[in-house]
Structures are given as C-alpha cells and as structure tokens.
Amino acid sequence: MSDSDTPAEGQARLDTGVAHNARVWNYWIGGADNYEIDRQVGEHVAGMFPVIREVARADRDFLGRAVRFLAGERGVRQFLDLGTGLPSVDNTHEIAQRVAPDARIVYVDNDPLVLVHARKLLTSTPEGVTAYIEADVHDPASIVQQAAGTLDFDRPVAVMMLGILNFVLDTEEARKVVRDVMAAVPPGSFLVLTHPTFDADLGGEGNVPAMAFWNENATPPITARSRADIAAFFEGLDLLEPGLVPCSQWRPDSASPAAVPQFGAVAVKP
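Residues numbered from 1 in each chain as written. Predicted model: local features only at pLDDT ≥ 70, side-chain atom pairs only at ≥ 80, totals over all residues. Heavy atoms only, no water.

Asks: Explain the packing of helix α2 (residues 36–48) against helix α9 (residues 207–217) to me, and be specific about the residues and the numbers.
Replies: Orientation of α2 relative to α9, taken along the N-to-C sense of each, is 160°, at an axis distance of 9 Å. Here α2 lies roughly antiparallel to α9, going by the angle between them. In the crossing of α2 with α9, the sense of the turn from one axis to the other is right-handed. Residue-level inspection shows Val 41, His 44, Val 45 and Met 48 of α2 in contact with α9, the latter providing Pro 209, Ala 210, Phe 213, Trp 214 and Asn 217. In terms of residue class, the contact of α2 with α9 is built from seven nonpolar, two polar and no charged. (Axes fitted to C-alpha atoms, helices over the stretch in contact; angles between N-to-C directions. Helix = DSSP H or I, 4+ residues; strand = E, 2+ residues; numbered from the N terminus. Parallel < 35°, antiparallel > 145°, perpendicular 65-115°, else oblique. Left-handed = near helix turned anticlockwise from the far one by under 90°. Contact = heavy atoms within 4.5 Å. Nonpolar A, V, L, I, M, F, W, Y, C, P; charged D, E, K, R; others polar.)

The structure is reproduced here in structure tokens:
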C-alpha cells in the first residue's frame with residue numbers, strides 16, 4: 001500500500017502521518033499494508049535493534065506451531081485471537097481450519113487499518129466459523145461478551161495473546177486482562193502468549209532504547225518486561241513443555257534455532 005492508495009472503506013479513520021504498530025509489524029514480516037511513515041520508523045528501529053525482524057518472523061512462526069499443536073494434538077476447536085494485526089499468510093483461522101475444518105475462530109482488534117482489511121479475515125471453511133469483533137484489550141469484559149456470540153464458553157478455548165500485552169503498559173492491569181479472560185473460559189482451555197523482554201541474556205537490552213524511540217515517534221506505546229513478569233501472566237495455569245522460552249525455541253521445526261528476545265509459551269487451565 002502506498003501513500004496514494006485509498007482503502008475501500010474507513011479512510012477517514014486512518015492516520016497515515018504517524019507510524020502504527022500493526023503496519024510496521026506488517027512491514028517487518030514482508031507485507032505490503034503499510035505507509036511510508038511506517039517504513040521509515042520500521043527501518044530506524046531495525047537500525048537500532050537489528051534483531052527485530054527476526055523477532056517478528058519468530059513470533060509469526062510460533063503462531064503457526066502453537067495453533068497446529070493445539071488443533072492437531074490437543075483437539076482444540078475454538079480460538080480467541082486478541083490483537084489480530086493485519087492479515088497475512090497463514091492466519092490463525094487458516095492454520096486451525098487446515099487441521100480441523102470445523103474450527104471456530106474469533107479475531108479481536110481495534111485498529112482502523114485492521115478493520116478495513118477485516119473482510120480478508122472473514123473467510124471460513126463451510127464447516128467452521130471465522131468472526132471478527134472490534135474491541136480493546138483494555139476491556140476484557142467486552143471481548144468476552146462479544147466473543148460469546150460465536151464461541152461456546154462451556155467448551156475449551158485457546159486464547160491467543162501474541163504480542164498484545166506489551167501494549168498494556170501497567171503490569172498489574174495486564175495481569176488482570178489475562179485473569180479476566182481466562183476466568184471466562186472453562187478448564188481445559190489454553191493461553192498462548194508471546195511478549196518482548198529486555199533481559200540481557202537474550203539480547204533484549206536493545207529493546208529499551210528502541211522502544212523509547214518508538215514511544216516518541218509511533219503509536220501505540222509499548223513496553224518490554226522481564227522473564228519473571230512475563231511468567232506471572234501464567235499464574236494458576238499449567239505450562240506445557242518446554243515452558244517459558246524464547247518463542248523461536250518453543251517446539252521448533254528445526255534443530256537449535258537462535259534465541260530471540262521475545263518469550264513464548266502455551267499453558268492449560270486446570
């Protein structure tokens with residue numbers, strides 16, 4: 001998408017003068033749904049923190065492995081994907097319904113550009129369902145209420161929180177978001193989560209200046225957290241092997257992938 005392109009709908013709601021996370025992330029993973037300002041900020045951040053492109057790809061690959069595992073090995077047929085982002089190749093519904101055509105997926109986002117492209121997400125196998133709701137992660141009650149129109153909360157749900165809690169700057173509020181959503185789903189449900197870290201042993205110290213630049217020049221503001229703070233999101237849940245690890249190293253497809261400063265884990269509600 002170039003600056004001269006006009007989306008089919010919602011143009012009045014789009015701010016193309018300020019870089020936005022959904023569009024910059026799309027740029028980092030090789031997508032075309034971004035503007036010049038997104039590319040400029042994305043290049044600057046990548047210059048400060050070169051591993052960010054690897055982080056973006058690792059996060060996306062983790063999504064695929066986690067969904068295939070849950071749909072294929074754990075029999076999950078319902079997915080609640082918070083912070084959908086812009087559609088690209090192999091979105092949650094495509095991966096899940098490839099394994100289980102009857103899978104039901106609800107996407108959640110509140111970004112204008114994502115709303116414009118939501119029609120790309122609203123595809124499904126005849127046996128399954130793909131739905132999209134506009135809601136903010138800061139309002140978990142609204143998310144649950146709207147998602148209940150598509151998902152059966154008496155049956156297990158995989159709650160996907162990939163790269164979303166880092167936009168909830170207050171750690172206690174972020175923990176409450178997780179608690180509230182997981183309280184609404186039954187035992188046997190899963191939490192799938194990724195989150196950036198500033199831990200030095202993973203090379204995460206570069207996140208600090210990169211995020212400071214981001215918060216001054218782009219939106220929404222973002223934060224990284226320590227391993228301990230990220231682990232706390234899983235309190236009351238049972239982590240599946242291999243536990244909380246760099247997302248590139250969670251059940252990897254290849255041997256000995258490099259660590260990235262982005263944790264990932266899958267846990268089940270007992």
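So that's the structure; there's more coming.
Asks: Let's hear about the packing of aromatic side chains: which residues, and what values?
Replies: One pass over the structure, following the stated rule, counts three aromatic pairs. Centre to centre, the rings of Phe 62 and Trp 250 are 5.5 Å apart; their planes meet at 70°, and the pair counts as edge-to-face. With a gap of 188 residues between them, Phe 62 in helix α3 (residues 52–73) and Trp 250 in the loop between β9 (245–246) and β10 (262–268) connect regions that are remote in the sequence. Both residues of the pair, Phe 62 and Trp 250, count as buried. The aromatic ring of Phe 69 is capped on one face by Arg 251, whose charged end is 4.2 Å from the ring centroid. (Phe/Tyr/Trp six-rings, centres within 6.5 Å; stacked < 30°, edge-to-face > 60°. Buried < 20%, exposed > 50% of the residue type's maximum accessible area, 1.4 Å probe, protein only. Lys NZ or Arg CZ within 6 Å of the ring centre and 35° of its normal.)

Asks: Talk me through the environment of Asn 91; I want residue IDs and the actual numbers.
Replies: Take Asn 91: it is sitting in the loop between β2 (78–82) and α4 (92–99). We classify Asn 91 as buried; its relative accessible area is 6%. Through-space distance from the C-alpha of Asn 91 to that of Gly 64 is 8.1 Å; in sequence the pair is 27 residues apart.

Asks: A description of the side chain of Ser 189 should follow, citing residues and the corresponding values.
Replies: Assignment of secondary structure puts Ser 189 in the loop between α8 (171–184) and β6 (190–196). Judged by its relative accessible area of 0%, Ser 189 is buried. Looking at Ser 189, its side chain comes within polar contact range of the main-chain oxygen of Pro 186, at 2.8 Å. (Polar contact = N/O pair within 3.5 Å; in protein donor to acceptor, adjacent residues only side chain to side chain.)

Asks: So what's going on with α2? Which residues, and what values?
Replies: For α2, spanning 13 residues, the distance from its first C-alpha to its last is 19 Å, which sits close to the expected 18 Å at 1.5 Å a residue. Those residues of α2 lying buried are Ile 37, Asp 38, Val 41, Gly 42, Val 45 and Ala 46. The buried side chains of α2 occupy one side of the element, clustering within an arc of 160° when seen end-on. Buried residues in α2 make contact with β1 (19–20), α1 (21–28), α3, α9 and β7 (218–219). (Expected span 1.5 Å × (residues − 1). Arc of directions from axis to C-beta.)

Asks: Give a detailed account of the layout of surface pockets, specifying residues and quantitative values.
Replies: There is about 960 Å³ of room inside the largest pocket. Lining the largest pocket are 49 residues; nearest its centre among them are Asn 21, Gly 83, Leu 162, Gly 163 and Phe 167. Every element with two or more residues in the lining of the largest pocket is listed here: α1, α3, β2, β3 (104–109), β5 (158–162) and α9. The class makeup of the residues in the lining of the largest pocket is 28 nonpolar, 15 polar and six charged. Roughly 200 Å³ of volume is contained in the second largest pocket. Around the second largest pocket, the lining residues are Glu 54, Arg 57, Ala 58, Asp 61, Arg 65, Ser 248, Pro 252, Asp 253, Ser 254, Pro 257, Ala 258 and Val 260. Tallied by class, the residues present in the lining of the second largest pocket amount to five nonpolar, two polar and five charged. (1 Å grid on protein atoms, 1.4 Å probe; cavity = no way out; pocket = protein on both sides within 12 Å on 5 of 7 lines; lining within 4 Å. Points joined across faces, edges and corners; volume = space filled by probe spheres on them.)

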